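Take a look at the letters that make up each chain.
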Amino acid sequence: MKKILPLVLLSSLVAFCQRDSSVIEELYVLPKQLKEISGIVYTNSFQLSWVLEDSGNANEIYAVDHKGKLQRKLTITDAQNIDWEDITKDQEENLYIGDFGNNANDRKDLGIYKIAKDSLNNSAALPSYKTTFAYPEQTKFPPKKTALFYDVESFFEYKNNFYLFTKNRSKDFDGTTLLYKVPNKAGFYHAQLLGKFKADGDYQNAAITSAAISPDGTKVVLLSHSQIWIFENFQSDNFFEGNVKAIPLGHFSQKEAICFKDSKTLLIADEKTKKIGGKVYEFRFN
């Protein structure tokens, strides 16, 4: 006799399958030499994705095409890769490198480099300028273990300001990320705290590793190793005041980079760890 599953059990199985099915599509494998990707940004004028690697790697950024083939390598002169954690662009497609990785929460040399669009065809480029900053709320370097809020792996440029999202490394992690604002200008500034958001999940699933804003400025996306959060309908640049939706990706890896390719498409990159990762994926909005 054919057995019929109880409706409740059947519904649970369907929900489980949906939760574990990936909502991202693999696009390509990154070049073998790029194992520690920490940021990605897509440039329409070049039809290329620019990526960088974090601490311990060269002071270079790299352009790859839609098949993952390395097309350009640009050395950033007079700039040390202390801990480059993200890359973004402005409306003119000048690029910005975020040297603000701060795992131990003890750095006093946080900065962002501007790389002019017209230098991206060269083999080397001198930054147009450097923006440096500090967090007024941080008074100890490092703070106590329950207040390690000052590592950052995520930012974007919007309307002549940088928006930074902290990666919480505190003891008893609770998913809190802080949103800071820094002017896109040469010089030193005190970052302005705009708001905070508490992501659901443990450190592996809710620590924020990258951020992006849509070309029309209506969506902000945060990334972790296993999910994204989409913020919409915000009325100010405290994006956390908008509506938020969490989307499990159905795929776990060391995802470190996200950007908008266009208003309906996200690109996501992960680090190569053993036999996992080192790829670029696509997420499409319905």
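All chains use their own residue numbering, which begins from 1 and follows the written sequence. Where totals are concerned, whole chains, interfaces and linings use all residues; where local detail is concerned, this predicted model gives features only for residues with pLDDT of at least 70, and gives and counts side-chain atom pairs only at 80 or more. Side-chain numbers come from the whole structure's heavy atoms, not from hydrogens or water.

Observations regarding the pairing of strand β8 (residues 111–115)
Across the five residues that make up β8, a large majority, five, are buried. Between buried and exposed lies partly exposed: a residue is buried under 20% and exposed over 50% of the maximum accessible area for its type, with that area taken using a 1.4 Å probe on protein chains only. A helix here means a DSSP run of H or I that spans at least four residues, while a strand means a run of E at least two residues long, and both kinds are numbered starting from the N terminus. Burial along β8 is two-sided: G111, Y113 and I115 facing one way and I112 and K114 facing the other are all buried. The sheet contact formed by strand β7 (residues 95–99) and β8 spans five bridges and is antiparallel. Note on β8: the bridge partner recorded for D99 is G111. Each pair of strands is called paired provided DSSP finds at least two bridges between the two strands.

Examining the nonpolar core
Think of a nonpolar core as a cluster: buried Ala, Val, Leu, Ile, Met, Phe, Trp, Tyr and Cys residues, connected wherever their side-chain atoms sit within 4.5 Å. Counting 20 residues, the largest nonpolar core has F156, F165, V220, L222, W229, F231 and F239 as its most contacted members. Mapped onto this core, the elements with two or more residues apiece are β12 (161–167), β15 (192–198), β16 (210–213), β17 (219–223) and β18 (227–232). It only takes one pair of heavy atoms within 4.5 Å for two residues to be counted as in contact. In this structure, F156 is in contact with T88, N161, F162, Y163, F165, A211, A212, I213, V220 and F239, ignoring residues within four places of it in sequence. Counting residues in each nonpolar core, the second largest holds 18 residues, with L48, L74, I76 and I97 among its members.

Overview of the packing of aromatic side chains
Aromatic pairs are defined between Phe, Tyr and Trp rings, using the six-membered ring for Trp, whenever the two ring centres lie within 6.5 Å; interplanar angles under 30 degrees are classed as stacked, those over 60 as edge-to-face, and all others as tilted. Evaluated as defined, the whole model comprises 23 aromatic pairs. Ring geometry for Y96 versus F162: centroids 5.1 Å apart, planes at 70°, classification edge-to-face. Taken as a pair, Y96 in strand β7 and F162 in strand β12 lie far apart in primary sequence, 66 residues in all. What makes Y96 buried here is its relative accessible area of 1%. Among the residues examined, F162 registers a relative accessible area of 0% and is labelled buried. Note on F100 and F155: the rings are 5.0 Å apart at their centroids and 80° apart in plane angle, and the pair reads as edge-to-face. Here the residue F100 occupies a position in the loop between β7 and β8, and F155 occupies one in strand β11 (residues 151–158), the gap between them amounting to 55 residues. Both residues of the pair, F100 and F155, count as buried. Ring pairing ties together the aromatic residues F156, Y158, Y163, F165, F197, W229, F231, F234, F239 and F240, which thus form one cluster.

Remarks on the pattern of salt bridges
Within this document, salt bridges are pairs made up of a side-chain nitrogen of Lys or Arg and a carboxyl oxygen of Asp or Glu, the two lying within 4 Å of each other. Enumeration according to the criterion identifies 10 salt bridges in this entry. With its nearest N and O atoms 2.7 Å apart, the salt bridge here joins R169 to D151. Of this pair, R169 sits in the loop between β12 and β13 (176–183) while D151 sits in strand β11, and the two are 18 residues apart along the sequence. Taking relative accessible area as the criterion, D151 reaches 0% and is therefore assigned buried. In this structure, K181 and D237 form a salt bridge, with 2.8 Å as the shortest nitrogen-oxygen distance. With a gap of 56 residues between them, K181 in strand β13 and D237 in the loop between β18 and β19 (243–248) connect regions that are remote in the sequence.

Section: the sheet that holds strand β9 (residues 124–125)
On the basis of which strands lie adjacent, the open sheet formed by five strands has the order β2-β3-β4-β5-β9 and mixed pairing. Looking along the sheet, the strands with just one partner apiece sit at the ends: β2 (37–43) and β9.

What about the environment of P215?
Locating P215 in the fold gives a position in the loop between β16 and β17. Looking at P215, the relative accessible area reads 56%, which means it is exposed. Each C-alpha atom, one on P215 and one on E26, is 23 Å from the other, the two residues being 189 residues apart in sequence.

Notes on the sheet that holds β7
Strands pair in a sheet through their backbones, by hydrogen bonds, and they do so in one of two ways: parallel or antiparallel. The strand order β6-β7-β8-β10-β14 describes an open sheet built from five strands, whose pairing is mixed. Pairing within the sheet leaves two strands with one partner each, and these edge strands are β6 (84–89) and β14 (187–190). Across the sheet, the axes of successive neighbouring strands diverge by a mean angle of 20°, strand direction being ignored. Here β8 runs beside strand β10 (residues 129–134); their pairing, made up of four bridges, is antiparallel. Note on β10: the bridge partner recorded for K114 is Y129. Note on geometry: axes are lines fitted to C-alpha atoms, helical ones only across the stretch in contact, with angles between N-to-C directions running from 0 to 180 degrees.

Here's the deal with the confidence of the model for the chain
Scored between 0 and 100, pLDDT is the confidence that the predictor attaches to each residue. Taken as a whole, the chain shows an average pLDDT of 93; of its residues, 93% reach a score of 70 or greater. In the predicted structure, residues 1–20 sits below a pLDDT of 50 and forms four contacts with residues beyond four places in sequence or in another chain.

A word on unusual backbone geometry
For the peptide bond that leads from F141 to P142, omega is 5°, which places it in the cis range. Mapped onto the elements of the fold, P142 is located in the loop between β10 and β11.

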